[in-house]
Amino acid sequence: MALILKINQSFICYLIIVFLCNSLSGQEKELDIKISKNPINQNYWWLEKNNFGIVPSSYDLQTEFKLKNKKTIYQASIYYDLGKKNDQKLYINESFIKHQFSSNTYLRVGRYYRDFSIYLNDELSSGSMLISNNAQAMPKIGLVGSKNINKKIDFNFGIAHGIFDKNEFYNKAPFLHEKFLYLNVKNNNSQFSIGFVHEAMWGGSTLEKGNQPSDFDDFLRVFISADRKLEDYGENVPSTHLNALGNHLGIWDFSFQKKYDDKMLILYYQHIFEDTSGLRFANQTDGLWGVELQNYIKDNTTIIEYMNTSNYNIDPPYVEDKYYFHETYSRGWSYKNFTLGNPFIDHLNFTSSQVLYLASQGKYHLYQYKIKMHRKINIHDITRYRVELERSLSEDLDLSAFIINNIDDVAIGLGITYMF
């Protein structure tokens, strides 16, 4: 009886949310509901990664809602687990209110991913080096703005404050500090951008290390990546150099975009760093390299990426990084135990990797297709893939099927989507 009540409460909550979303009125409204049948007898990389922090079940129900008014966007992403008899779950993922104060300035509140690296195609890319779709979206509040210098040069910038999860390792949830600054240079049909993005995990309390500094003075130290105060160390003052307060990481973000008639070329490189050595490119070419080709093949977008972390330990102790790992915050750069950044990097068991990745999406006659595949090229590995095919039966109804593989297994999944 208790189990039935638990299931009913979760499902009733889901139905209420969907009903409220569909009842709202606005200038533009979208509501999609999708039911999926997933294979769960094996661990499939392309079923578990970049899946919004959701552990797939045999059946799931997904709802995407978006409402746009003149200055405000309301968005909700809801997932209901239908398959686990003893553990039905309701996930609320990227759901927020975004209010535009002007054409250059907006405030966003809720669960969302990021406001930087806006060139990156999250639907096809393997994932940003900092904030990808691999984990559930974190609760954040962020302010973003832009400043035009002239017709060819502008800056965009932003700052956000978020909160991680309380779990068996953190008895008080740590905070997230995020900020970014980009310089954009435009010339005819091209644009070159260089950005600096800084992320920091700070405050909270861990079972192993206890309460972490979290007052306003500590926030200012985190803001500029300053060292911890001597009194914060107690009797464990380092003999070499003081450590920065909190867990810091970031990227130098380079991108180039060029439009040719109906074609678009995008080149990008996200250079990852965790300290001043990486900030100065002492870890050489580590990070995510990518190229995106839009409409070079009619109605097709293709991405090729190369992710490299082989220079993490080339000059210890100056260059001795384990990306996403941190001694104080033992779960590293993760949220709800899912890696926040690129899923090719394990936040708990770091190993050097070189990964080649390919993704393609487009239309062919009555069908839409999406292909994703990758392979580690620094070790012996197989090519892991996901191939998805979708067909519209009407303006409101789509059917889809996908094939995924693992080391010694291939499986099929199905989906049906209804658009209101």
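Thresholds, definitions, all that
Residues numbered from 1 in each chain as written. Predicted model: local features only at pLDDT ≥ 70, side-chain atom pairs only at ≥ 80, totals over all residues. Heavy atoms only, no water. pLDDT = per-residue confidence, 0-100. Contact = heavy atoms within 4.5 Å. Helix = DSSP H or I, 4+ residues; strand = E, 2+ residues; numbered from the N terminus. Buried < 20%, exposed > 50% of the residue type's maximum accessible area, 1.4 Å probe, protein only. Polar contact = N/O pair within 3.5 Å; in protein donor to acceptor, adjacent residues only side chain to side chain. Core = buried A, V, L, I, M, F, W, Y, C linked by side-chain atoms within 4.5 Å. 1 Å grid on protein atoms, 1.4 Å probe; cavity = no way out; pocket = protein on both sides within 12 Å on 5 of 7 lines; lining within 4 Å. Points joined across faces, edges and corners; volume = space filled by probe spheres on them. Pairing = 2+ DSSP bridges. Phe/Tyr/Trp six-rings, centres within 6.5 Å; stacked < 30°, edge-to-face > 60°. Patch = residues over 30% accessible without salt bridge, like charges linked within 9 Å, V, L, I, M, F, W, Y side chains within 5 Å. Areas by Shrake-Rupley, 256 points an atom, 1.4 Å probe, with all protein chains shown as cover. Salt bridge = Lys/Arg side-chain N within 4 Å of Asp/Glu carboxyl O.

> So what's going on with the confidence of the model for the protein? Residues and values would help.
Confidence in the prediction of the protein, expressed as mean pLDDT, is 89, and 89% of residues score 70 or more. A low-confidence stretch, residues 1-7 stays under pLDDT 50, and its non-local contacts, those more than four residues away or across chains, total 8 contacts. Every residue in residues 237-241 is under pLDDT 50, and counting partners more than four places away or in other chains gives 4 contacts.

> Would you mind going over the environment of Gly162 in detail, with residue names and values included?
Within the fold, Gly162 resides in strand β8 (residues 153-163). Overall, Gly162 belongs to the buried group, its relative accessible area being 2%. As a C-alpha pair, Gly162 and Pro139 span 23 residues in sequence and 5.6 Å in three-dimensional space. Excluding its chain neighbours within four sequence positions, the residues that come into contact with Gly162 are Pro139, Lys140, Phe175 and Leu176.

> Go over helix α3 (residues 216-223), please, and point to the residues and values.
Structurally, the start of α3 carries an N-cap: the backbone nitrogen of Asp217 is 3.2 Å from a side-chain oxygen of Asp215. Two residues or fewer after α3 comes Ser225, characterised by a positive phi angle close to 55 degrees.

> Quick one: what's the story with the nonpolar core, residue by residue and with numbers?
Counting residues in hydrophobic clusters, the biggest one holds 49 residues, and the most contacted among them are Met129, Phe164, Tyr324, Trp333 and Leu340. Each residue touching Leu340, except ones within four places of it in the same chain, is listed here: Leu130, Ile131, Ser132, Ala135, Met138, Phe164, Trp333, Ser334 and Tyr335. Counting residues in each nonpolar core, the second largest holds 5 residues, with Phe65, Leu67, Ala76 and Ile78 among its members.

> I'd like a rundown of empty space enclosed by the protein, residues and numbers included.
Tallied over the full model, the rule gives 1 cavity of 30 Å³ or more. Roughly 40 Å³ of internal volume is contained in the largest cavity.

> Report on the pairing of strand β10 (residues 175-187), specifying residues and quantitative values.
Of the strand pairs in this sheet, β8 and β10 are connected by 11 bridges, and their pairing is antiparallel. For Ile163, the partnering residue across the bridge sits in β10 and is Phe175. Sheet topology note: the β10/strand β11 (residues 190-202) ladder contains 13 bridges and is antiparallel. The residue of β11 that forms the bridge with Leu183 is Ile194. Hairpin remark: β10 followed by β11, antiparallel, with 2 residues in the connecting loop; positive phi at Asn188, about 55 degrees.

> Talk me through the pairing of strand β22 (residues 384-392); I want residue IDs and the actual numbers.
Looking at chain direction, strand β21 (residues 367-376) and β22 are connected through 8 bridges and run antiparallel. The partner of Gln368 across the bridge, within β22, is Glu390. Hairpin geometry of β22 and strand β23 (residues 397-405) is characterised by an intervening segment of 4 residues between the two adjacent antiparallel strands.

> Summarise the packing of aromatic side chains; cite the residues concerned and give the values.
This structure, assessed with the given rule, holds 23 aromatic pairs. With a centroid separation of 6.5 Å and an interplanar angle of 20 degrees, the aromatic rings of Trp252 and Phe281 are classed as stacked. Of the two residues, Trp252 is situated in strand β14 (residues 247-260) and Phe281 in the loop between α4 (276-279) and β16 (287-294); the sequence distance between them amounts to 29 residues. Exposure remark for Trp252: the relative accessible area of 22% places this residue in the partly exposed category.

> Tell me what's going on with the sheet that holds strand β12 (residues 205-206), and back it up with residues and numbers.
Within a sheet, adjacent strands bond to each other through the backbone by hydrogen bonds, running parallel or antiparallel. Read from one edge of the open sheet, 3 strands run β9-β12-β13, paired in antiparallel fashion. A strand with exactly one partner marks an edge of an open sheet, and here the two such strands are β9 (170-172) and β13 (210-211). Here 2 bridges tie β9 to β12, and the two strands are oriented antiparallel to one another. Pairing of Tyr170 across the sheet is with Thr206, part of β12.

> Lay out a nonpolar patch on the surface with the relevant residues and their values.
On the surface, a cluster of nonpolar side chains totalling about 490 Å² of accessible area is made up of Ile35, Tyr59, Leu82, Leu393, Leu399 and Ile416. Secondary-structure assignment places Leu393 in the loop between β22 and β23.

> Run through the pattern of salt bridges, naming residues and quoting values.
Counted according to the given criterion, the structure contains 9 salt bridges. Salt-bridge contacts for Lys370 lead to Glu123; the nearest nitrogen and oxygen are separated by 3.0 Å. With Lys370 in strand β21 and Glu123 in the loop between β6 (106-112) and β7 (138-148), this residue pair connects regions lying 247 residues apart in the sequence. Residue Lys370 is classed as buried on the basis of its relative accessible area of 19%. Take Glu123: its relative accessible area is 43%, and that puts it in the partly exposed class. Among the salt bridges present, the one from Asp154 reaches Lys186, with a minimum N-O distance of 3.3 Å.

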